Structures are given as structure tokens and as C-alpha cells.
Amino acid sequence: METMEMPTEIASTIIESENGFLVCDDKSGSAEEVLQIDSVLQCQCFIAQVSSGDCEHVRAVLDYLSATPASADYPVMSQAEADSYLSRIAELDNTVVANEDSAEQQIDRIRLWLEMESVKLDKQRAYYLFALESWMHQQDLSTKTLVNGILKVRAQQPEITIKDEDAVLKDDRFVRIVPEKRAIDKAALRKYVVSTGEEIEGTEVILRRPKFTYKLSQASS
Ligand SMILES: [Zn+2]
């Protein structure tokens, strides 16, 4: 945990994006997001919650903004910084995987417990159901209202499974003609729109910016 005594002394790196800022504690490597909504800075950290939005992260962003000229674009970073950002991504990815593994193990245990308990209870339930169903048949009842609920015995339609479709189709009484269905050829539509740039009536074309991807040199196990 950070100490509260000298909050402005903590060295931090600020990473800016369209949504806000990521304030990274250079010592611990922990990071906190400060959102910028209509030029208001919002931090989700505990201190911000209990001090009406005033926390070290917001102060760090304010310091950063006052030190950075408003006209400047995103600060140019060095290749070394870019590489260290990529290593931070690797750490984050590894942590996500470890969290998922840990959660999966817990979820598996909970599932097993739930399954075993449910099987036990379902078996008990089956005895009561069997007894009640037999009682309804013995009494020749189709509906019976009791204090705790209503019992019903209802005749059911037979279940029909088609084992040999061709054999059934030979009999015209059981054949119907399904009309040919008109459907959109999405591949043809995409090809036309991409090559002509035309927006066809009944469609909306949304341009998307180039997709940025990354691949880490060490594959996480
Ligand atoms: Zn904060």
C-alpha cells in the first residue's frame, strides 16, 4: 500500500489515452486509471472514494497536465520506453492468465460440490415424486389440490422420431414444399462495398481504424 504522508513525492509515469490517464507507480509497478469525463478527472481508488475525488493519482495527472503544454500532442517516447511498455503488457497478460487459472480451480471445486449435493437431493426428491404419482393413479385422480400445492396427471402426446426420412417422404400426405428462401449474400455485399466505396440502400458502412496488435517474444505458458 502507498503511504499517505507525502503523496506528491511518489514518482509515477503517466500514460495518456482518449479516455483518460493511467498513473503507474514506478516503484511498485501498480497502476490506477484516472478517467477524464468532460474535463473532470475521476479516480476509482479507495482514497478518491472517501475524499471526494482528491487522491494522489488525480494530483499526479494535474501535475502532469500543468507541466505539459496544451498544444503538445502525445509526448514522444523512446524505443526503450516502448519496449518497457510491451514488457508491462506481458506482465499484465501473465497475471490475467494466473487469475483465470486460479478462478477456474475454485469454480471447478464449487461445481463439483454443487453437483454432488444436487444429485443427493434429486434422489430424495424422486422418492417423494414416485410416491405421489402412484397415489394419484391409485386414487384415479387427474388433479388434486392440497394445502402445499396441486398434483396433476396429464395424458401426453406421443413423441415421434423420424428414423428414415426418405421412407416418410414417399407418402405425399406427409410432404410439404418449402419455398426457396431469399437471403443476403454478405460476401458479395462486402466485396462490392469495399471495391466501390458505395453505401447500398438499407446498409450502413462504418469505417474502422487500422487494427493494432502485439505479439510478445516470450510466449506465456
Ligand atoms: Zn486515485
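Residues numbered from 1 in each chain as written. Predicted model: local features only at pLDDT ≥ 70, side-chain atom pairs only at ≥ 80, totals over all residues.

Right, let's talk about the overall build of the protein for a bit. When helices and strands are tallied, the protein shows five helices and six strands. Counting from the amino terminus, helix and strand elements in the protein follow one another as β-β-β-β-α-α-α-β-β-α-α. Relative to the 2.2 N^0.38 estimate, which gives 17 Å for 221 residues, the radius of gyration of the protein is 33 Å and therefore markedly larger than a compact globule would have. With the principal axes as the frame, the protein shows a C-alpha extent of 85 × 60 × 40 Å. Look at the contacts in the protein between residues 6 or more apart in sequence, and 27% of them connect residues 24 or more apart. (Helix = DSSP H or I, 4+ residues; strand = E, 2+ residues; numbered from the N terminus. Rg over C-alpha atoms; globule rule 2.2 N^0.38 Å. Contact = placed C-beta atoms within 7 Å.)

The next thing to look at is unusual backbone geometry. For Ser39, which is not glycine, the phi torsion reads 60° and is therefore positive. Along the chain, Ser39 turns up in the loop between β3 (31-37) and β4 (40-43). Classification of Ser39 by C-beta neighbours within 10 Å gives exposed; the count is 5. At Ser52, a position not held by glycine, the phi torsion is positive, near 40°. Look at Ser52 and you get exposed, because 7 C-beta atoms sit within 10 Å. (Buried ≥ 20, exposed ≤ 12 C-beta atoms within 10 Å, placed from the backbone.)

All right, on to the pairing of strand β5 (residues 143-146) then. As paired elements, β5 and strand β6 (residues 149-152) share four bridges and run antiparallel to each other. Each bridged residue has a counterpart across the sheet, and for Leu146 the counterpart in β6 is Gly149. Between β5 and β6, which pair antiparallel one after the other, the connecting turn spans two residues. (Pairing = 2+ DSSP bridges.)

A word on the nonpolar core. Core analysis: the biggest nonpolar cluster contains ten residues, these being Phe21, Val23, Cys24, Val34, Leu41, Cys43, Cys55, Val58, Ala60 and Val61. Residue assignment for this core shows that the elements contributing at least two residues are β2 (20-25), β4 and α2 (56-67). Beyond its immediate chain neighbours, meaning those up to four positions away, Leu41 contacts Val34, Gln36, Val58 and Val61. (Core = buried A, V, L, I, M, F, W, Y, C linked by C-beta atoms within 7 Å.)

The terminal C-alpha atoms of helix α3 (residues 79-138), which comprises 60 residues, lie 85 Å apart, in line with the 88 Å expected from a rise of 1.5 Å per residue. The element α3 is largely exposed, with a buried count of zero among its 60 residues. Immediately beyond the C-terminal end of α3, within one or two residues, lies Asp140, with a positive phi of roughly 55°. (Expected span 1.5 Å × (residues − 1).)

Turning next to the domain arrangement of the protein. If you check the domain split of the protein, you get domain 1 (7-75) and domain 2 (82-152). If you average the C-alpha positions of domain 1 and of domain 2, the two centres end up 44 Å apart. (Domains from an automatic or database assignment.)

For β2 and β3, the ladder comprises five bridges, and the chain directions are antiparallel. Across the sheet, residue Phe21 finds its bridge partner in β3, namely Val34. Count of turn residues in the β2/β3 antiparallel hairpin: five residues, of which Gly29 carries a positive phi of about 80°. Sheet topology places β3 next to β4; four bridges connect them, and they run antiparallel. Considered in β4, the bridge of Ile37 is made with Val40.

Another aspect to go through is the sheet that holds strand β1 (residues 12-16). Two strands in a sheet stick together by hydrogen bonds in their backbones, pointing the same way (parallel) or opposite ways (antiparallel). Across the sheet, four strands lie side by side as β1-β2-β3-β4; this open sheet has antiparallel pairing. In this open sheet, the two strands that pair with only one neighbour each are β1 and β4. Strand-to-strand, the axes of this sheet are offset by a mean angle of 25°, without reference to chain direction. (Axes fitted to C-alpha atoms, helices over the stretch in contact; angles between N-to-C directions.)

This part covers α2. Look at α2: 16 Å from first C-alpha to last across twelve residues, which is about the 16 Å you get at 1.5 Å a residue. Among the residues making up α2, those that are buried are Glu56, His57, Val58, Ala60 and Val61. Against the buried residues of α2 lie β1, β2, β3, β4 and α1 (46-50).

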